Amino acid sequence: MADRLAGVPLAPYTTLRTGGPARAFTQARTQGELVAIVAEADREREPVLVLGGGSNLVVSDDGFDGLVVRVATRGVEVTARKSAADDGWVRVTVQAGEDWDALVARCVAEGWSGVECLSGIPGLVGSTPIQNVGAYGQDVSQTVAAVRVYDRRTGEVGDLAAAACGFAYRHSAFKHDPGRHMVLAVTYALERSPLSGPVAYKELAARLGVEIGARVPLADAREAVLELRRGKGMVLDPDDPDARSAGSFFTNPVLGPEEAAALALRAPGHPRWDMPDGTVKIPAAWLIENAGFPRGYERGRARISTKHTLALTNPTGEAGAAELLALAREVRDGVHEKFGVWLVNEPVLVGLSL
Ligand SMILES: Cc1cc2nc3c(=O)[nH]c(=O)nc-3n(C[C@H](O)[C@H](O)[C@H](O)COP(=O)(O)OP(=O)(O)OC[C@H]3O[C@@H](n4cnc5c(N)ncnc54)[C@H](O)[C@@H]3O)c2cc1C
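Residues numbered from 1 in each chain as written. Predicted model: local features only at pLDDT ≥ 70, side-chain atom pairs only at ≥ 80, totals over all residues. Heavy atoms only, no water.

Enquirer: Sorry if this is basic, but what is going on with the layout of surface pockets here?
Expert: Left-over empty space is what a probe sized like a water molecule reveals as it rolls over the atoms. In this structure, the second largest pocket spans a volume of roughly 450 Å³. Lining the second largest pocket are 29 residues, with Thr15, Arg17, Gly53, Pro122 and Leu236 sitting closest to its centre. Looking at the lining of the second largest pocket residue by residue, the classes come out as twelve nonpolar, nine polar and eight charged. (1 Å grid on protein atoms, 1.4 Å probe; cavity = no way out; pocket = protein on both sides within 12 Å on 5 of 7 lines; lining within 4 Å. Points joined across faces, edges and corners; volume = space filled by probe spheres on them. Nonpolar A, V, L, I, M, F, W, Y, C, P; charged D, E, K, R; others polar.)

Below is the structure:
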């Protein structure tokens, strides 16, 4: 079994650079180790925090009073190769500890289409089903075929088909019932094609100079997405203080018809995406800006990104989680006061609440 270390500070393991010490800290390099470590902690009733790349976490300044398990499992297996029976699809099974963007880069290089617009998203593969990672018109629910999990309630390892994962916008059954499932590996079904999936996001289509629905070479899609993301400080970069964040701090609110009508009265002509199910998605960035919080707005040592109002940042690395949360509360309350809409945090808060 891997070593357990005491009192390891967690801030260096999160992209927002917050978090006090873990009571105990260990790493799992194989699926077997991961399951054994978590099973033993559960038997001992020791609280567990599963740590991937730490890019969607806000950890309390008091740290974590339990065991932090860092997922360090590796391996990519291609389960369908070109053959007479090949139906044009490839299944790629990836261990939870693999770096997500490295996988996307490989898919683009191999001619496996379906995740290219998810280029540049930090973190590990095992976290992608948790919040159904998405950007620029794609999310992983479109390509996840199965998720291998350890069910901490039943003590069993098994495969969940995509339909059992409850995928929705930045949500899943894993997020709904946090802590129940450890993701061990994810299988993606990808089209064998040199072309991207149909471009579904206006800003990306404009950058590529194509119409919505067009397909472009995979490498062009990846490069355009990376350029757009860099412009917003949404690619990890040690030289960019705006990237010292947990990505978007708030999800885009999805309103029912009555709430949408109420917002339209308060903010006639506001931007909106009408969803097929009759709900209306509102860009949280627009709400934040128009509630009086411009780019670069500061509270103590915490700051709204100077490139994009959705990201709250720790530009010097010296702000604590409490300062970040104070800024988040100010923004959330200001948006509610102006527009009557409650913003909800996207990152997972550990030992904190908004
Ligand atoms: C600059 C930046 C840009 C971002 N852009 C986007 C974006 O465009 N779209 C988007 O969707 N997200 C984005 N994010 C958020 C984040 O990158 C993703 O949510 C990512 O999938 C988190 O992966 P991680 O490995 O860092 O997870 P962590 O932050 O380590 O963990 C997140 C949660 O998942 C749990 N978890 C992690 N691994 C496992 C596992 N194997 N089994 C069970 N639970 C697990 C953790 O306990 C925690 O609750 C961005 C973040 C940053 C910093």
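Enquirer: Whenever I open this one, the sheet that holds strand E17 (residues 280–281) confuses me. Can you help?
Expert: Strands belonging to one sheet form pairs held by backbone hydrogen bonds; the direction of such a pair is parallel or antiparallel. Strand order in this open sheet of three strands is E15-E17-E16, and the pairing throughout is antiparallel. Unpaired on one side and paired on the other, strand E15 (254–255) and strand E16 (273–274) mark the two borders of the sheet. As judged from the two bridges shared by E16 and E17, these two strands associate in the antiparallel manner. Bridge pairing in E17 places Asp274 opposite Val280. (Pairing = 2+ DSSP bridges. Helix = DSSP H or I, 4+ residues; strand = E, 2+ residues; numbered from the N terminus.)

Enquirer: Can you walk me through the environment of Phe25 in this structure?
Expert: Within the secondary structure, Phe25 is located in strand E2 (residues 21–28). Phe25 gets classed as buried once you look at its relative accessible area, which sits at 3%. Separated by 41 residues in sequence, Phe25 and Gly66 place their C-alpha atoms 8.4 Å apart. (Buried < 20%, exposed > 50% of the residue type's maximum accessible area, 1.4 Å probe, protein only.)

Enquirer: Can you walk me through the nonpolar core in this structure?
Expert: Side chains of a nonpolar character, in soluble globular proteins, are inclined to be buried together. By size, the foremost hydrophobic cluster in this structure holds 36 residues, and its most contacted members are Trp100, Leu103, Val147, Tyr188, Leu190 and Leu204. Put simply, the parts of the chain that give this core at least two residues each are strand E7 (89–95), helix H2 (100–110), strand E11 (144–151), strand E13 (181–192), helix H4 (202–208) and helix H5 (218–231). It is H2 that provides the largest number of residues to this core, a total of five residues. With residues near it in sequence (within four places) discarded, Tyr188 still touches Val90, Arg91, Val92, Val94, Trp100, Leu103, Val125, Thr128, Val140, Thr143, Val144 and Ala145. Among the nonpolar cores identified, the runner-up in size contains 33 residues, and Leu255, Leu324, Phe339 and Leu349 belong to it. (Core = buried A, V, L, I, M, F, W, Y, C linked by side-chain atoms within 4.5 Å. Contact = heavy atoms within 4.5 Å.)

Enquirer: Help me understand the UniProt feature "active site" (unreviewed entry) in the protein chain, please; the structure alone is not making it clear to me.
Expert: Here the UniProt-annotated "active site" (unreviewed entry) positions come out as Arg170, Ser248 and Glu346. In sequence the annotated residues extend across 177 residues, while in space they remain close, none of their C-alpha pairs exceeding 11.2 Å. Within the element layout of this structure, Arg170 appears in the loop between strand E12 (156–161) and helix H3 (173–176). Accessibility expressed as a relative area gives 15% for Arg170, which makes it buried. Excluding residues that lie within four positions of it along the chain, Arg170 makes contacts with Gln131, Asn132, Val133, Gly134, Ala135, Lys175, Thr251 and Glu346. A polar side-chain atom of Arg170 sits 2.9 Å from the main-chain carbonyl oxygen of Gly134. If you trace the backbone, Glu346 turns up in the loop between helix H8 (321–339) and strand E21 (348–350). Among residues more than four places away in sequence, those in contact with Glu346 are Asn56, Gln131, Arg170, Lys175, Ser248, Phe249, Phe250 and Thr251. (UniProt positions renumbered as here; feature names shortened; annotations may be inferred. Polar contact = N/O pair within 3.5 Å; in protein donor to acceptor, adjacent residues only side chain to side chain.)

Enquirer: Explain the pairing of strand E5 (residues 64–71) to me, please; I cannot follow it from the model alone.
Expert: Every regular strand shows the same layout, with side chains that alternate between the two sheet faces. With six of eight residues buried, E5 is to be regarded as a mostly interior element. The pairing of E2 with E5 spans six bridges and is parallel. Across the sheet, Ala28 pairs through a bridge with Val71, a residue of E5. As paired strands, strand E3 (residues 48–51) and E5 are joined by four bridges and run parallel to one another. Paired with Leu51 across the two strands is Arg70, which belongs to E5.

Enquirer: Would you mind showing me how to read the site of the ligand here?
Expert: The environment of the ligand is made up of 31 residues, and the closest members are Val50, Gly53, Ser55, Ser127 and Gly134. Residue Gly52 places a main-chain N or O atom 2.7 Å away from an oxygen atom belonging to the ligand. For the ligand, a nitrogen atom lies 2.7 Å from a polar atom in the backbone of Gly134. Here the ligand loses 94% of its free accessible area of 980 Å² to cover by the protein chains. Elements with a minimum of two residues in the shell around the ligand: E3, strand E9 (134–135), E13 and strand E14 (245–248). Of the residues belonging to the shell around the ligand, the class tally is 15 nonpolar, 13 polar and three charged. (Near = heavy atom within 4 Å. Areas by Shrake-Rupley, 256 points an atom, 1.4 Å probe, with all protein chains shown as cover.)

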